[in-house]
Amino acid sequence: MNRLLRMPGDACRFWVAGRCLYEEAMNPGLRTEFSCTVLRALEGRFDDFVVRGEILGLTSEEAGRIWEQRMAQTLNIDWDCANFDSLPDDGGEVLCRHFIEGVCVLRLPRCLGRCRHHELPDDK
């Protein structure tokens, strides 16, 4: 008997660069291992800032003013990621070609071909 070959999954609405976006699309943010490490670092810095503000008893207005003053410094981080691949200057706010919808495409599971979650895009 011949070996069964899977069809390519590149016609699926969840296919992105050889990876499967299904789990993330169904439950956005649930699997933290899919998230961008740089974005997680930024979220960590903001969470630390909020905790410090609560400890100091700052009002939301005071904390907002301080955050605005220090935001440029806080957001000036290294893209400390071995897989960082910069986009050309016209990339807008997204600096890495592997970043999509808050996740790192390279952290998504590989697409093994057509599966039970295969769906055609809305435009087809």
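For the structure, check the block above.
Residues numbered from 1 in each chain as written. Predicted model: local features only at pLDDT ≥ 70, side-chain atom pairs only at ≥ 80, totals over all residues. Heavy atoms only, no water.

A.B. asks: What should I look at first to understand unusual backbone geometry in this one?
C.D. replies: Leaving glycine out, the prevailing phi sign among residues is negative, and the prevailing peptide bond configuration is trans. Non-glycine residue Ala17 carries a positive phi angle of around 50°. The exposure class assigned to Ala17 is exposed, which follows from its relative accessible area of 57%. One non-glycine residue, Glu101, adopts positive backbone phi at about 50°. Mapped onto the fold, Glu101 is located in the loop between β3 (99-100) and β4 (103-104). By relative accessible area, which is 61% here, Glu101 ends up exposed. (Buried < 20%, exposed > 50% of the residue type's maximum accessible area, 1.4 Å probe, protein only. Helix = DSSP H or I, 4+ residues; strand = E, 2+ residues; numbered from the N terminus.)

A.B. asks: Is there a simple way to explain the side chain of His98 in this structure?
C.D. replies: Along the chain, the position of His98 falls in the loop between α3 (60-75) and β3. Under the relative-accessibility criterion, His98 is labelled buried at 16%. In contact with His98, not counting residues within four places along its chain, are Asn83, Asp85, Val103, Cys104, Val105 and Leu106. (Contact = heavy atoms within 4.5 Å.)

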